[in-house]
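Descriptive structure summary
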Amino acid sequence: MSAAALAAAALLVFALQATKRAALPADPRVEDGLYFVADKVGDKEGAPPAKNLGKLVVLTDLAKSDPWYALVTRLAAAKKAAAVLSFPAGEPQRAKAELQRELPEFALVVTKPDHLDVNVHFALLETFAALDADPFVDVAFGYVTGATLDEAKAFVERIVALSSKRDALPEKLVDFGPAAQPPGQFSGPAADNLAKGWLRWSAYHRTVDELLQRKEWLTGAGILHAGGHGMPDGIDDGLKGKDLRTLRLDLAPALYFSGPCYCGVTSAWFAPTAKGIERRVVKPEESFALAALARGVSALFAGFDPDRGETCSQELEHLFVHGDALGYASKETYDGVVVARRQPALELYRYEEGKPAPQRDLIDTMTGGGACRALFGDPTWKPVEACAPPAFDVRKRDGAKELELSWSAEKPDLKQWALCDVYRCEGGWTHRVAFTVEIPLATARALKGFEVKEVSAQKKPLEYRFATAMVERHGGRALLHLYLVFPARGQQNVYFVERDFAVRFAFAK
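Residues numbered from 1 in each chain as written. Predicted model: local features only at pLDDT ≥ 70, side-chain atom pairs only at ≥ 80, totals over all residues. Heavy atoms only, no water.

What follows concerns the overall build of the protein. Along the protein, the regular secondary structure elements total 13 helices and 25 strands. Compactness check: the protein gives a C-alpha radius of gyration of 22 Å against a globular reference of 23 Å for 509 residues, within 12% of the reference. Each principal axis of the C-alpha atoms in the protein carries an extent, and together these give about 60 × 55 × 50 Å. Within the protein, the fraction of its 509 residues that count as buried is 60%. (Helix = DSSP H or I, 4+ residues; strand = E, 2+ residues; numbered from the N terminus. Rg over C-alpha atoms; globule rule 2.2 N^0.38 Å. Buried < 20%, exposed > 50% of the residue type's maximum accessible area, 1.4 Å probe, protein only.)

Rendered as structure tokens:
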């Protein structure tokens, strides 16, 4: 998160209540205690139904008379879209009825860069989450745009050319950004310590000139992963959008995972000031996101607002673990936001110019940092094979009266970002237990509540907070999301210092 965002977040810190194992709190979003969302779909299938798996729609706010509409026509034909759905600019919620009619698994959202901002993105997330009764985002989606029509057309042609290629990415991963401490850290290639078969390069630099002297390191990568703080025009003390353009850096064919704040902004963004929220605009030719798209990336994962680099790393890790469609890396982030917010429906804030910051508290600030992240590119594309183990290997015991889920490990793999939480730790980070398992539909419908039977290390109880379980219905399946966090203790967080972990959840039927 940027320094300005951290300062704003600090003003929002509030006292979290600690009522372990209490009945459902009055406001579970901010108060501790067990929180359970049962299956809300019942005998219906939810969104999308199983028969619609693979179904893609194109969603757009472009008029048919607009020259940019050629992007819609091209993608709809090339991707065999089931439908083209329209909404007025800035009002994606107006497409809800058509989306409920189609109930797609995927959507390509085609628009102009000045039609996008975090408010529009949040409205789209809420719309996609409202297609069935559970609070989870129901559609995996990606944005398609460009600084100019020609650049947008070039991005579309890359999407079309790559959409059927499973092995299109070289197994080269480059981490880069400003070094936290000098000197610069240039090394590699070395075998990635998580993703089998991938080679990792490190290009953390003291000044951006130091990186540009080795700019060939960024060429030919399958994945680029950027760290640091940021603004809409680029990385603080690092690459800017203008650098990508003037130096004509070749980023193809990489998937670009951008961790710095605001680096997904394509036009308008919202800055907190002493006089309230100020709406600002980055020029198309200076936007870092649009420059990355122009310089050949196959897809971009980035945020419209202040976000956290840990979330970016979790999206990348998702692809290594699951090898599924790009849109599901973003969906896992949105799922995590839903679970951390502990609400029966997804409701996000909006910025209003001249008004105070809309975040009610630190929970809004931190979960908003996850919700603001987005994919630019084809959500259906599967370019990465599964090549890493999951962080939590969960065992299930489904009995007549109880479902038990358990996890144990002598020592979790500290290289995995899935162990890290940034939503429930007073603005810092801590460790967590967080996983999703598929359960039978009959079991999902029968669950009435849950309790935490055990959270321990070395056979001694561990303190934990915000134990949460929520049922999602998606693609004809029932998914159970589990989550709890440990108190934030910096380098004394439990996975660093403990061993022999055991966790058990029991769900009554």
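Let us now look at the pairing of strand β16 (residues 373-376). Burial along β16 is two-sided: the residues R373 and L375 and A374 and F376 are all buried. Bridge count between strand β15 (residues 299-303) and β16: four bridges; the pairing is antiparallel. Residue pairing in the sheet places L300 in a bridge with F376 of β16. (Pairing = 2+ DSSP bridges.)

With respect to the secondary-structure elements, D378 resides in the loop between β16 and β17 (395-398). For D378, the side chain forms a polar contact with the side chain of K79, separated by 2.8 Å. For D378, the residues in contact, after removing those within four places along its chain, are K79, L108, I159, S163 and L326. (Polar contact = N/O pair within 3.5 Å; in protein donor to acceptor, adjacent residues only side chain to side chain. Contact = heavy atoms within 4.5 Å.)

Reading predicted coordinates in detail is not appropriate for stretches of low pLDDT. Scored by pLDDT, the protein comes out at a mean of 93, with 95% of its residues at no less than 70. A low-confidence stretch, residues 1-24 stays under pLDDT 50, and its non-local contacts, those more than four residues away or across chains, total 43 contacts. (pLDDT = per-residue confidence, 0-100.)

Taken as a whole, this structure holds 29 aromatic pairs when the rule is applied. On the numbers, 6.0 Å between centres and 90° between planes, the contact of F106 with Y328 is edge-to-face. Linking F106 in strand β4 (residues 106-110) with Y328 in helix α10 (residues 326-341), this pair joins segments that are 222 residues apart in sequence. Chaining the aromatic ring pairs together yields one cluster made of F36, F392, W407, F435, F450, F486, Y495, F501, F505 and F507. The positively charged end of K172 is found above the aromatic ring belonging to W201, 4.8 Å away from the centroid. Residue placement shows R424 over the ring face of F466; its charged tip is 4.1 Å from the ring centre. (Phe/Tyr/Trp six-rings, centres within 6.5 Å; stacked < 30°, edge-to-face > 60°. Lys NZ or Arg CZ within 6 Å of the ring centre and 35° of its normal.)

Scanning all chains against the criterion turns up 37 salt bridges. Between E98 and R101 there is a salt bridge, with the nearest N and O atoms lying 4.0 Å from each other. Pair noted here: E98 and R101 are both in helix α3 (residues 96-102), with a separation of three residues, about one helical turn. With its nearest N and O atoms 2.9 Å apart, the salt bridge here joins K331 to D335. With a gap of four residues between them, K331 and D335 both fall in helix α10, about one helical turn apart. The exposure class assigned to K331 is buried, which follows from its relative accessible area of 4%. (Salt bridge = Lys/Arg side-chain N within 4 Å of Asp/Glu carboxyl O.)

Residues I223 and H225 line one face of strand β9 (residues 223-226) and the alternating positions L224 and A226 line the opposite face, and both faces are buried. Relative to β9, strand β6 (residues 172-178) runs parallel, the two sharing four bridges. In the sheet register, F176 faces β9, and the bridge partner there is A226. Inspection of the sheet shows β9 paired to strand β12 (residues 255-258) by four bridges, in the parallel sense. Looking across to β12, one finds that H225 is bridged to F257.

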